[in-house]
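# Analysis of the macromolecular model
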Amino acid sequence: METKLLRGELEKDLQEAAQLLRDGKTVAFPTETVYGLGANALDADAVRKIYEAKGRPANNPLNVLIYDQAQLAELVDSVPETAQKLMDAFWPGPLTLIFKCRKHAVPVCVTGGLDTIGVRMPNHPVALRLMRMAGLLVAAPSANLSGKPSPTAASHVKDDLEGRIHAIVSGGSCAVGLESTILDISGEIPTILRPGAVTQEQIEEVLGMKIKERTSDSSLVQNPGEKYAHYTPEAPVYVCDGTPEEIAAKIDRELELHRGRAGVMLSKQTLRLLQNADENLTVNLGSRDDLEQISGNLFAALRYFDQTEVEAIYTENFPEEKIGAALMNRLNKAANHKKL
Ligand code: TXA
Ligand code: MG
């Protein structure tokens, strides 16, 4: 299949992409979190093409993106007050809300047979204009091959999905760079299923109540996607603990042992202390004082090392404050919790 490369800043390209969506085709487009791979959520054949292109297990449900709150009426029987407060505070933005889904609102392949559905209004002009032009509810997971890090640039989507989808709409790199916070509001107490740029503290402040964060050892798997490997580059990743000096010393020892066949992705502060780094196998993630910047660079860094021959990748621990919680969640998954 030929994948059309379209430009999000061109009106006629957006029109073409919108028409493709209406015709039941798959179109990748930018959002502020990561690029999404969209198809008409009410067209089961179109939705199946998403699973096929990504190699995604059929029982891992898709979230739906909307451009107008009024579209919720097609998906849910009622909008709880909690949801309304959160939508007013954070939409458009990096928060996916899991609602009780209205029976038969979407084909079963969207929800994977669950009685709930995730919905988000993304905060990206290209995504919003495209969806509005198409006039559809758009089912959209991240636009990567299943198991790969989410794409934060159009080139990442091309690397993974060229020849497998109908079009890629480019729109620069994603400002947030980590997938949205997923908050389940279908039960009694709102529960974070996946941390993201909208933090637990921010949600609690808006709701005026304590919420839960699902711990990874919970026996009840509420976020089906958690069952599958995520964010894993080909080489093993190790997260190093300690002060920048300790981290640099530990990594220097490892780099010596690997004799130029290990990569590092570190803050600029830690990089400055490193003696043995090879420039070609080094990614500067940004400043430790700016965890948003570090988060925004993470997935591109993981993808970079897949183009090299490294045997191992070393990175550092970051404080789990604000977006740091989401950052460490993704880093620990990439590392499969391996520490140094
Ligand atoms: O920022 C984002 O959320 C991006 C952009 C493209 O919007 N999308 C994204 O989608 O990350 P995806 O499919 O890669 O991750 C969504 C996660 C999956 O792990 C899926 O299992 C989970 O949401 N999910 C979907 N529907 C669910 C539901 N009804 N209950 C619990 N988890 C659900
Ligand atoms: Mg994904």
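Coordinates for the structure precede this section.
Before going into details, it helps to say that this report is about the structure given with it. (Residues numbered from 1 in each chain as written. Chains lettered and ligands numbered in written order. Predicted model: local features only at pLDDT ≥ 70, side-chain atom pairs only at ≥ 80, totals over all residues. Heavy atoms only, no water.)

To continue, consider the overall build of the protein chain. Within the protein chain, the secondary structure is distributed over 11 helices and 15 strands. For the protein chain, whose C-alpha radius of gyration is 20 Å, the value lies close to the compact-globule estimate of 20 Å for 340 residues. When its C-alpha atoms are laid out on the principal axes, the protein chain stretches across 60 × 50 × 35 Å. Taking all 340 residues of the protein chain together, 55% fall into the buried category. (Helix = DSSP H or I, 4+ residues; strand = E, 2+ residues; numbered from the N terminus. Rg over C-alpha atoms; globule rule 2.2 N^0.38 Å. Buried < 20%, exposed > 50% of the residue type's maximum accessible area, 1.4 Å probe, protein only.)

Let us look at the sheet that holds strand β8 (residues 167-170). Pairing within the open sheet is mixed, and its 11 strands lie in the order β1-β8-β2-β3-β7-β4-β6-β5-β9-β10-β11. Looking at the sheet topology across the chains shown, the edges are occupied by β1 (4-7) and β11 (212-213). Across four bridges, strand β5 (residues 95-100) lies against strand β6 (residues 116-120) in antiparallel orientation. Bridge pairing in β6 places Lys100 opposite Thr116. Strands in contact with helix α2 (residues 44-54) are β3 (36-40) and β7 (138-139); relative to β3, the strand with the most contacts, it is inclined by about 155 degrees. Strands in contact with helix α6 (residues 154-161) are β1, β2 (27-29), β3 and β8; relative to β8, the strand with the most contacts, it is inclined by about 165 degrees. (Pairing = 2+ DSSP bridges. Contact = heavy atoms within 4.5 Å. Axes fitted to C-alpha atoms, helices over the stretch in contact; angles between N-to-C directions.)

The subject of this paragraph is the sheet that holds strand β13 (residues 262-267). Within the open sheet, the four strands sit side by side as β12-β15-β13-β14. Their pairing is parallel. This sheet does not close on itself; its edge strands, each paired only once, are β12 (237-240) and β14 (282-286). Across the sheet, the mean angle separating the axes of adjacent strands is 20 degrees when strand polarity is ignored. Bridging between β13 and strand β15 (residues 312-316) involves four bridges; their strand directions are parallel. If you follow Met265 over to β15, its bridge partner there is Thr315. Packing of helix α10 (residues 291-306) onto the sheet brings it into contact with β12, β13, β14 and β15, and relative to β14 it is tilted by some 165 degrees. Its contacts with the sheet place helix α11 (residues 324-334) against β12, β13 and β15, and it is angled at close to 135 degrees to β12.

This next bit is on the pattern of salt bridges. All told, the structure shown has 15 salt bridges when counted by the stated rule. Here Glu11 makes a salt bridge to Arg129, at a shortest N to O gap of 2.5 Å. A residue pair is termed long-range when its members are at least 10 positions apart, and Glu11 in helix α1 (residues 11-22) and Arg129 in helix α5 (residues 125-134) qualify at 118 residues. Since its relative accessible area comes to 42%, Glu11 is described here as partly exposed. Exposure remark for Arg129: the relative accessible area of 38% places this residue in the partly exposed category. Among the ionic pairs, Glu81 bridges to Lys85, the shortest N-O distance being 4.0 Å. (Salt bridge = Lys/Arg side-chain N within 4 Å of Asp/Glu carboxyl O.)

Considering all chains together, one arrives at two aromatic pairs under this definition. Centroid distance Tyr238 to Tyr314: 5.4 Å. Interplanar angle 20 degrees. Geometry classified as stacked. Residue Tyr238 is found in strand β12, and its partner Tyr314 is found in strand β15; the two are separated by 76 residues along the sequence. With a relative accessible area of 2%, Tyr314 lands in the buried category. Judged by centre distance (5.5 Å) and plane angle (70 degrees), the ring pair of Tyr304 and Phe305 falls under edge-to-face. With relative accessibility at 32%, the residue Tyr304 sits in the partly exposed group. Overall, Phe305 belongs to the buried group, its relative accessible area being 2%. (Phe/Tyr/Trp six-rings, centres within 6.5 Å; stacked < 30°, edge-to-face > 60°.)

Attention shifts here to the packing of helix α3 (residues 81-90) against helix α7 (residues 200-207). Look at α3 against α7: their axes get within 10 Å of each other, and the N-to-C directions meet at 120 degrees. Taken together, the axes of α3 and α7 are oblique relative to one another. Relative to α7, the crossing made by α3 is right-handed. Of the residues in α7, those in contact with Thr82, Lys85, Leu86, Ala89 and Phe90 of α3 are Gln202, Ile203, Val206 and Leu207. (Parallel < 35°, antiparallel > 145°, perpendicular 65-115°, else oblique. Left-handed = near helix turned anticlockwise from the far one by under 90°.)

What follows covers the pairing of strand β10 (residues 191-194). With three bridges connecting them, strand β9 (residues 181-184) and β10 associate as antiparallel partners. What sits directly across from Asp184, in β10, is Thr191. Both β10 and β11 contribute to a ladder of two bridges, which runs parallel. Its bridge partner lying in β11, Ile192 is registered against Glu213. Following the backbone out of β10, through α7 and into the adjacent parallel β11, one traces a crossover that is right-handed. (Right-handed = clockwise from strand over helix to strand, strands pointing away.)

If you look at soluble globular proteins, the nonpolar side chains tend to sit buried side by side. Counting 48 residues, the largest nonpolar core has Leu86, Trp91, Leu95, Leu97, Phe99, Leu183 and Ile203 as the members making the most contacts within it. If you list the elements that add at least two residues to this core, you get β3, α2, α3, β5, α4 (108-111), β6, α6 and α7. The biggest single contributor to this core is α2, with five residues. Once you skip the residues sitting within four places of it in the chain, Leu95 turns out to touch Leu86, Phe90, Val119, Arg120, Ser180, Thr181, Leu183, Val198 and Ile203. Counting residues in each nonpolar core, the second largest holds 28 residues, with Leu281, Val283, Ala301 and Ile313 among its members. (Core = buried A, V, L, I, M, F, W, Y, C linked by side-chain atoms within 4.5 Å.)

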